[in-house]
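Descriptive analysis of the structure
The residues making up each chain are set out below.
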Amino acid sequence: MTDQARPPEADIPGKPTAASRTTLSHIMTHNDTNLLGTVHGGVIMKLVDDAAGAVAGRHSGGPAVTASMDEMVFLEPVRVGDLVHVKAQVNWTGRTSMEVGVRVLAERWNESTPAQQVGSAYLVFAAVDADGKPRTVPPVVPETERDKRRYQEAQIRRTHRLARRRAIKELRDRRAADGIED
Ligand SMILES: CC(=O)SCCNC(=O)CCNC(=O)[C@H](O)C(C)(C)COP(=O)(O)OP(=O)(O)OC[C@H]1O[C@@H](n2cnc3c(N)ncnc32)[C@H](O)[C@@H]1OP(=O)(O)O
């Protein structure tokens, strides 16, 4: 996982956030439930990955794979019959990776209330070539103030992901150098 600046040869035209923003909608059925009778978190995570993958593929103009999913939050249970909307957009782009932000909303089948947010997540996708090797992506161009805030917040998460990985690697290297096996 690298954090080098975008090289000049990768200077491909940017794409606005709105160009790839997507909503995936799905009605929950009895096949989606856990032992409590509410919708299984894994079913929601699959929808989140599907919507984020569609956005990443559309933004990067080709295949993209999930590198990580973090801060998956479940705010409220989802029930059978609920109409779930999964809204995804590219928040930030690096050289070959994209952070996709996803919000999950549910319209209750038996209430005429507005759709309620029931979850959210941030995923990092890497655009890949036919050999599965990372390829450069167009920079995302945030347009609205909300998109600009999301871009800045994604940069903070990126910095923390890199710092955490580096700190854990250093700890493991130190322990290995001290001959500690676990
Ligand atoms: C849609 C689907 O269901 S896909 C199926 C599930 N996903 C997969 O099978 C992916 C399996 N993993 C892979 O193929 C590889 O690990 C890859 C392509 C994700 C990364 O390949 P690497 O050889 O590690 O490449 P590299 O270190 O250059 O990383 C590529 C980019 O991904 C980012 N990245 C890699 N791993 C992570 C991670 N764990 N978290 C966040 N970002 C990551 C890097 O920072 C880099 O971004 P940048 O170019 O914008 O700086």
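I will try to describe carefully the structure that is included in this document.

Cut-offs applied
- Residues numbered from 1 in each chain as written.
- Predicted model: local features only at pLDDT ≥ 70, side-chain atom pairs only at ≥ 80, totals over all residues.
- Heavy atoms only, no water.
- Helix = DSSP H or I, 4+ residues; strand = E, 2+ residues; numbered from the N terminus.
- Expected span 1.5 Å × (residues − 1).
- Buried < 20%, exposed > 50% of the residue type's maximum accessible area, 1.4 Å probe, protein only.
- Contact = heavy atoms within 4.5 Å.
- Near = heavy atom within 4 Å.
- Polar contact = N/O pair within 3.5 Å; in protein donor to acceptor, adjacent residues only side chain to side chain.
- Areas by Shrake-Rupley, 256 points an atom, 1.4 Å probe, with all protein chains shown as cover.
- Nonpolar A, V, L, I, M, F, W, Y, C, P; charged D, E, K, R; others polar.
- Pairing = 2+ DSSP bridges.
- Axes fitted to C-alpha atoms, helices over the stretch in contact; angles between N-to-C directions.
- Core = buried A, V, L, I, M, F, W, Y, C linked by side-chain atoms within 4.5 Å.

Our next topic: helix H2 (residues 145-177). Taking 1.5 Å of rise per residue, the 33 residues of H2 would be expected to cover 48 Å, and the 48 Å separating its terminal C-alpha atoms lies within 8% of that figure. Turning to H2, its buried residues number three or more, namely Asp 147, Arg 150, Ala 154, Arg 157, Arg 158, Arg 161 and Leu 162. Immediately downstream of H2, the backbone of Gly 179 shows phi near 80°, a positive value.

Moving on to the environment of Glu 76. Its location among the elements puts Glu 76 in the loop between strand S3 (64-74) and strand S4 (83-93). Taking relative accessible area as the criterion, Glu 76 reaches 36% and is therefore assigned partly exposed. Linking Glu 76 and Leu 105, residues 29 residues apart in sequence, is a C-alpha distance of 9.7 Å. Not counting chain neighbours up to four residues away, the residues in contact with Glu 76 comprise Arg 108, Gln 116, Gln 117 and Val 118.

The next thing to look at is the site of the ligand. Every one of the 18 residues lining the ligand counts as a neighbour, but Thr 66, Arg 95, Thr 96, Ser 97 and Arg 158 are closest to it. Interatomic distance of 2.9 Å between a side-chain N/O atom of Arg 158 and an oxygen atom of the ligand. Here the ligand loses 63% of its free accessible area of 1,000 Å² to cover by the protein chains. With 4 residues, S3 is the single largest residue contributor to the shell around the ligand. Class assignment of the residues belonging to the shell around the ligand gives a composition of 8 nonpolar, 6 polar and 4 charged.

Attention now moves to the sheet that holds S3. The strand order S2-S4-S5-S6-S3 describes an open sheet built from 5 strands, whose pairing is antiparallel. Two strands in the sheet have a free side with no partner beyond their single neighbour: strand S2 (22-27) and S3. Strand-to-strand twist of the sheet, defined as the mean angle between neighbouring strand axes without regard to direction, takes the value 25°. Taken together, the 10 bridges between strand S5 (residues 97-107) and strand S6 (residues 116-127) define a ladder with antiparallel strand orientation. Looking at the pairing, Arg 103 lines up with Ser 120 of S6. The sheet contacts of H2 involve S3, S4, S5 and S6, and relative to S4 the element is tilted by about 75°.

Bringing the nonpolar core into the picture now. Ile 44, Val 48, Val 84, Val 86, Val 100, Val 102 and Val 104 are the most contacted members of the largest nonpolar core, which totals 27 residues. Looking at this core, the elements with two or more residues in it are helix H1 (41-60), S4, S5 and S6. Top element by residues in this core is H1. It accounts for 7 residues. Contact partners of Val 48, with chain neighbours within four places excluded, come to Met 69, Met 72, Val 86, Val 102, Val 104, Ala 121 and Leu 123.

A few words on H1. For H1, built from 20 residues, the straight-helix expectation of 28 Å at 1.5 Å per residue is met to within 8% by its first-to-last C-alpha distance of 28 Å. Residues Ile 44, Leu 47, Val 48, Ala 51, Ala 52, Val 55, Ala 56, Gly 57, His 59 and Ser 60 constitute the buried set of H1. Directly beyond the C-terminal end of H1, a positive phi value near 70° is found at Gly 61.

Inspection of the secondary structure assignment puts Asp 70 in strand S3. Of the residues examined, Asp 70 reaches a relative accessible area of 17% and is grouped as buried. Looking at Asp 70, its side chain comes within polar contact range of the side chain of Arg 161, at 2.7 Å. Residues contacting Asp 70, with those up to four places away along its chain left out, are Ala 121, Tyr 122 and Arg 161.

Don't take any of this as a statement about function, it's just geometry.
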